[in-house]
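# Geometric and topological summary
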Amino acid sequence: MRVAQAEGRNWKDELNTFLLAYRTTPHSTTGVPPAEAFLQRKIRSKLPSMVTQHTSDEDMRERDAHEKMKGKKYGDKRAKKDDIVVGDTVLLQQPHSKGDISGR
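Here is a short report on the structure shown in this document. (Residues numbered from 1 in each chain as written. Predicted model: local features only at pLDDT ≥ 70, side-chain atom pairs only at ≥ 80, totals over all residues. Heavy atoms only, no water.)

### Thoughts on a nonpolar patch on the surface
The condition is simple: Patches draw on residues past 30% relative accessible area with no salt bridge. Two like charges within 9 Å are joined, as are two nonpolar side chains (Val, Leu, Ile, Met, Phe, Trp, Tyr) within 5 Å. Each accessible area is a Shrake-Rupley estimate made with a 1.4 Å probe; only the visible protein chains count as cover when residues are assessed. Basic side-chain nitrogens of Lys or Arg form a salt bridge, by our definition, when they fall within 4 Å of a carboxyl oxygen of Asp or Glu. In DSSP terms, a helix is any run of H or I states spanning at least four residues, a strand is any run of E spanning at least two, and both are numbered starting from the N terminus.
Judged by side-chain polarity, Met-1, Trp-11, Phe-18 and Tyr-22 come together as a nonpolar surface patch covering roughly 460 Å² of accessible area. Tracing the sequence through the fold places Trp-11 in helix α2 (residues 11-24).

Below, the structure written as structure tokens:
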């Protein structure tokens, strides 16, 4: 929006152009553009499109669950194991309140 405004273009037109491109670009997880998933039909855009088979809602949900599971496995693999057991002494950081006298 700032670039459009700096170049003297109408920012509302540029916003609509951006939103059209975003809504018609296939999502990395579902493989379906957000507009198609929401409206259950293809929307027209200025970009040429290849004819593809219709993705059902169930297929999108399965792909989404699969991608989330891949992310979870990656996150779990990188997570650190805690060696804390019941009875250990631990430090707890308390959030600062607005009336804190320390001035933070």
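### Considering the pattern of salt bridges
Rule in force here: Throughout, exposure labels follow a simple rule: accessible area from a 1.4 Å probe, protein chains only, divided by the maximum for the residue type, with under 20% read as buried, over 50% as exposed, and the rest as partly exposed.
On inspection of all chains with the given rule, the structure shows 5 salt bridges. Its salt-bridge partner being Glu-14, residue Arg-9 comes within 3.8 Å of it at the nearest N-O pair. Residue Glu-14 is classed as partly exposed on the basis of its relative accessible area of 26%. Salt-bridge contacts for Lys-68 lead to Asp-64; the nearest nitrogen and oxygen are separated by 3.2 Å. Pair noted here: Lys-68 and Asp-64 are both in helix α4 (residues 57-78), with a separation of 4 residues, about one helical turn. In this structure Lys-68 comes out as exposed when scored by relative accessible area, which is 56%. Because the salt bridges share partners, they merge into one network encompassing Glu-7, Arg-9 and Glu-14.

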